[in-house]
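Each chain, letter by letter, is given below.
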Amino acid sequence: MEKTNDVEKDFYAEAFSRNIGLFSSREQSILRESVVAIAGLGGVGGNYCLCLARTGVGGFSFADFDTFELANTNRQAGADTQSMGREKCIVMAEKVRLINPHARIRQFNKGISSENVDEFLEGAKVVLDGLDFFAIRERVMLFRKAREKGIFAITSPPIGFGASLLVFDPRGMTFEKYFDIHENMDDKEMLLRFGLGLSPSLIQRKYFRPDSIDFSGRKTPSLGIGTQACNNLVCCETIKVILEKRVRSVPFSTHFDPYVQKYKKITLWGGNRNPKQLLKRMIFRKILKKKGMI
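I will try to describe carefully the structure that is included in this document. This structure is a prediction, so every number in the text was calculated from the model and none was measured.

### Considerations on the packing of aromatic side chains
Aromatic ring pairs are described here by two measures, namely the spacing of the ring centres and the angle between the planes.
Consideration 1: All told, the structure shown has 17 aromatic pairs when counted by the stated rule.
Consideration 2: Centre to centre, the rings of Tyr 12 and Phe 16 are 4.6 Å apart; their planes meet at 50°, and the pair counts as tilted.
Consideration 3: Judged by relative accessible area, which is 4%, Phe 16 ranks as buried.
Consideration 4: Look at Phe 133 and Phe 134: their rings are 5.2 Å apart centre to centre, the planes differ by 85°, and that puts the pair in the edge-to-face class. Judged on exposure class, the residue Phe 133 and its partner Phe 134 are both buried.
Consideration 5: Among the aromatic residues, ring-to-ring pairing joins Phe 133, Phe 134, Phe 143, Phe 168, Phe 175, Tyr 178, Phe 179 and Phe 194 into one connected group.
Consideration 6: Over the ring of Phe 252 we find Arg 248; its NZ or CZ atom is 3.8 Å from the centre of that ring.

### Observations regarding the environment of Thr 81
Consideration 1: If you trace the backbone, Thr 81 turns up in the loop between strand 2 (59–63) and helix 4 (88–99).
Consideration 2: Separated by eleven residues in the primary sequence, Thr 81 and Leu 70 place their C-alpha atoms 8.2 Å from one another.

### Considerations on the pairing of strand 4 (residues 126–129)
Consideration 1: Burial of strand 4 is two-sided: the residues Val 126 and Leu 128 facing one way and the residues Val 127 and Asp 129 facing the other way are all buried.
Consideration 2: Across four bridges, strand 1 (residues 35–39) lies against strand 4 in parallel orientation. Across the sheet, Ala 37 pairs through a bridge with Val 127, a residue of strand 4.
Consideration 3: Relative to strand 5 (residues 152–155), strand 4 runs parallel, the two sharing four bridges. Looking at strand 5, one finds that Leu 128 is bridged to Ile 154.
Consideration 4: Each parallel crossover has a hand, and for strand 4 linked through helix 6 (residues 136–148) to strand 5 it is right-handed.

### Topic: the nonpolar core
Note that soluble globular proteins tend to have their nonpolar side chains buried in a common cluster.
Consideration 1: Judged by nonpolar contacts, the single largest core of 45 residues is most densely connected at Phe 120, Val 127, Leu 142, Phe 168 and Phe 179.
Consideration 2: Every element with two or more residues in this core is listed here: strand 1, helix 5 (117–121), helix 6, strand 7 (162–168), helix 7 (175–179), helix 8 (187–198) and helix 10 (275–290).
Consideration 3: In this structure Phe 168 touches Phe 143, Ile 151, Phe 152, Ala 153, Thr 155, Met 173, Thr 174, Phe 175, Tyr 178, Phe 179 and Val 250, once residues within four positions along its chain are discounted.
Consideration 4: Ranked by size, the runner-up nonpolar core spans 43 residues in total, among them Phe 16, Phe 152, Leu 233 and Leu 243.

### A few points about the packing of helix 3 (residues 45–55) against helix 4
Consideration 1: At a minimum axis distance of 9 Å, the contact between helix 3 and helix 4 shows a crossing angle of 20°. By the criterion of interaxial angle, the relationship of helix 3 to helix 4 is roughly parallel. Between helix 3 and helix 4 the crossing geometry is right-handed. When helix 3 is examined against helix 4, the residues Gly 46, Cys 49, Leu 50, Ala 53 and Arg 54 are found in contact with a partner set consisting of Met 92, Lys 95, Val 96 and Ile 99.

How each quantity is defined
Residues numbered from 1 in each chain as written. Predicted model: local features only at pLDDT ≥ 70, side-chain atom pairs only at ≥ 80, totals over all residues. Heavy atoms only, no water. Phe/Tyr/Trp six-rings, centres within 6.5 Å; stacked < 30°, edge-to-face > 60°. Buried < 20%, exposed > 50% of the residue type's maximum accessible area, 1.4 Å probe, protein only. Lys NZ or Arg CZ within 6 Å of the ring centre and 35° of its normal. Helix = DSSP H or I, 4+ residues; strand = E, 2+ residues; numbered from the N terminus. Pairing = 2+ DSSP bridges. Right-handed = clockwise from strand over helix to strand, strands pointing away. Core = buried A, V, L, I, M, F, W, Y, C linked by side-chain atoms within 4.5 Å. Contact = heavy atoms within 4.5 Å. Axes fitted to C-alpha atoms, helices over the stretch in contact; angles between N-to-C directions. Parallel < 35°, antiparallel > 145°, perpendicular 65-115°, else oblique. Left-handed = near helix turned anticlockwise from the far one by under 90°.

By themselves, these figures tell us nothing about what the structure is for.
Structure below.
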């Protein structure tokens, strides 16, 4: 056992030696011992686990019920000609272990649910939202449970060529309050409010229209360029949370779009109850109703 531990320590020290100088040796040790829970291993979640593995995070909880398919190829880190039809949890665990064979990974191949979410979050310092945009009720449940357990939760949607970043501090504003979401709403209303709250800056509005979202078919346009933007924003913030650096949480959010070359920081007082958000909600609802989308 001692020999195995020495081999693991030597591997880790060499594999992540170039991190030192940006992290101290003590900080790198903290990353090694930390656990990050990632719900959803598709467009954004697959990138998160690979990036964090290369940063030296040593423990993961992965949850995804799905398998890779051809339509995932344009944006999902695990999608290639050899992974088609295979379970995302299994594929991404294999890829992480090719980076760090000593990584500690727990897999939840049926996704997250009220029955397993406590186990999924066990020991995690932060949970990352990689769920499908339309999985709104599962998302509400996840963020609520993370708050109960005192765990930071981070979400970042790929929007066109860019992304936004929202961090939920378990001591700060709740997910439901920020998005002005209530359980008695229907899914389309919840998704409308969720979408508006994700990008209050609307920096992508010149080329990304709300009616490009197919509510009935449960599809949104998405690019690998956008998922990589999420990856940069989320993994950096995840490291800061783990190392107990200062992070800013909602109602503060950041928005980056390289296509329009804009970066914005916004504090949305009141979340989706902000008067500007209420006006946007009214306008977008009219647009979507006119096109028969809600």
